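Letter by letter, the chains look like this.
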Amino acid sequence: MQYEQIIRLAVNREVKIQVTGAHGKKRNAITITLDFFIKNHHEKDFTPLIGVNHPQYWKFKTYSAEKSQYLQLEYSGVSRAQLNKVLDAFKAQFDPETTFEFSADIGKRIKYLKGLRVTAQSVRQLAAG
């Protein structure tokens, strides 16, 4: 099962978070995988967050699944609260007794997520748009 949500950031950028859930080894367990895509205000389509032209691309390609998912999460600019809203919306589609686990162990790292640092002008632009 897939769930997508677009989050508009205060720097003329939108991030699409794609949450994919697959049944795990346990009966009521869902394994969650996160993918991030980005679109700047002048672009038409969403593109992978860390593409070939990104300075961290080769590091990203050599990392393990856990580290590469966290690198995407860190560079997306999404805050912990925004990500938790997306995950809560995904989890609401399942039975309350279902357990969730991440495909890579990034659950612990989410609590340190800060999101983008924004200026007061960026916040006003976001509110106006």
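Residues numbered from 1 in each chain as written. Predicted model: local features only at pLDDT ≥ 70, side-chain atom pairs only at ≥ 80, totals over all residues. Heavy atoms only, no water.

Draft legend 1. Summary view of the pairing of strand S2 (residues 13-23). Across eight bridges, strand S1 (residues 2-9) lies against S2 in antiparallel orientation. By the bridge assignment, Leu9 is partnered in S2 with Arg13. Where S1 hands over to S2, the hairpin turn is made up of three residues, of which Asn12 adopts a positive phi near 55°. Alignment of S2 against strand S3 (residues 29-40), held across eleven bridges, turns out to be antiparallel. Looking across to S3, one finds that His23 is bridged to Ile30. Once S2 ends, the chain turns through five residues before running back antiparallel as S3. (Pairing = 2+ DSSP bridges. Helix = DSSP H or I, 4+ residues; strand = E, 2+ residues; numbered from the N terminus.)

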